[in-house]
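Residue-level structural notes
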Amino acid sequence: MSNIEPTPRTLDASASPPKPVLELVRRWFAIDVFVLAAAGIQCFILATSTDRWFAWTVSPPVSAAVVGAGYFGSIVMVFEARQARRWVDARVVILSTLLFASLTLAVTLLHLDKFHFDTGPNSARVAAAAWLVVYVVVPPFVLFLVVGQQRTRGVEPERVGPLLPRPARVLLLIEGCLLAALGVVLFGGAERAKFWPWRLTDLTARAISAWLISLGAMLVLCSAEREVARTRYVLHSVATAAFFWILAVLRFRGSVQWDFGGAMTIAVPVVLIATVIAALQRRTTLVASP
């Protein structure tokens, strides 16, 4: 019998289980669906009645409707992300939620005087109070979830599933950077948003900018993640939000100045939908290069 001891085998990282989605995160997704649905109904469905049913009076209603489009789109990714088993498959969803909630909190604190805290009917006052509570609580709570997920035992799995096509990833990166840049400009307020095809106030310009910056970040993160499983929830959300954005603009087309800027409010979401379809239609099982 040989006295030579066997050489210890190097552990294969791919054999270790990936970080799972925490049950607390899954429960948060379930709650968030109802929060997003309520905001979407207030902004999109009741766009002409924000003086009665929303946290602040939005004028013209097209601004409320496009904000509502973002909420309706977010319902899709949050609802679908409840099915995720791996943290990497829900990561972009929760990181984009953290970014949007933080930006919206900043917008809210900048314009507290515009909210229905002590004006308007009781329904509007309740909506304003609920809005403030949500956006004060959500950012630190979601950050807590992110930290908890990062500390969870598990590994970063290899990208062995179907991958987004390289041209689609390039498009997502470009579109994401452009949308985020546009959002940064709008965050400067109405003075910097004079090019916008309908009238914006400082508050509505910044509210829309929060969605644009978050949407842009989502697209950039999807480009970086590369794998279909890690991006499909977010891409479904982007296409849904773009679809409702088109409906919002067409519904209130009388408020839109139909020049180049007005045309772009239709063209950009159409391009986003086309990019998502292209990204998810053609798949490859080859592992992407780092």
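This one's a predicted model, so the numbers in the text were calculated from it and none came from an experiment.

Right, let's get into the overall build of the chain. Across its full length, the chain holds 9 helices and 0 strands. In sequence order, the secondary structure elements of the chain are arranged as α-α-α-α-α-α-α-α-α. Each principal axis of the C-alpha distribution contributes one length, and for the chain these read about 90 × 40 × 25 Å. Here the chain, with 290 residues, has 49% of them falling under the buried criterion. In the chain, once contacts between residues fewer than 6 apart in sequence are set aside, the share between residues at least 24 apart is 79%. With an accessible surface of roughly 14,400 Å², the chain has 66% of that area assigned to carbon and sulfur atoms.

Here we come to a nonpolar patch on the surface. Taken together, the side chains of Leu109, Leu112 and Phe117 make up a nonpolar region of the molecular surface, amounting to roughly 240 Å² of accessible area. With respect to the secondary-structure elements, Leu109 resides in helix H4 (residues 87-110).

Put simply, helix H7 (residues 202-225) and helix H8 (residues 228-251) touch, their axes get as near as 10 Å, and they point 145 degrees apart. Judged by the twist between their axes, the crossing of H7 over H8 is left-handed. Side by side, H7 and H8 meet where Ile208, Leu212, Leu215, Met218, Leu219, Cys222 and Glu225 of the first sit next to Arg230, Thr231, Val234, Leu235, Ser237, Val238 and Trp245 of the second. Looking at the contact of H7 with H8 residue by residue, the class counts come to 10 nonpolar, 2 polar and 2 charged.

Conventions used here
- Residues numbered from 1 in each chain as written.
- Predicted model: local features only at pLDDT ≥ 70, side-chain atom pairs only at ≥ 80, totals over all residues.
- Heavy atoms only, no water.
- Helix = DSSP H or I, 4+ residues; strand = E, 2+ residues; numbered from the N terminus.
- Buried < 20%, exposed > 50% of the residue type's maximum accessible area, 1.4 Å probe, protein only.
- Contact = heavy atoms within 4.5 Å.
- Areas by Shrake-Rupley, 256 points an atom, 1.4 Å probe, with all protein chains shown as cover.
- Patch = residues over 30% accessible without salt bridge, like charges linked within 9 Å, V, L, I, M, F, W, Y side chains within 5 Å.
- Salt bridge = Lys/Arg side-chain N within 4 Å of Asp/Glu carboxyl O.
- Axes fitted to C-alpha atoms, helices over the stretch in contact; angles between N-to-C directions.
- Left-handed = near helix turned anticlockwise from the far one by under 90°.
- Nonpolar A, V, L, I, M, F, W, Y, C, P; charged D, E, K, R; others polar.

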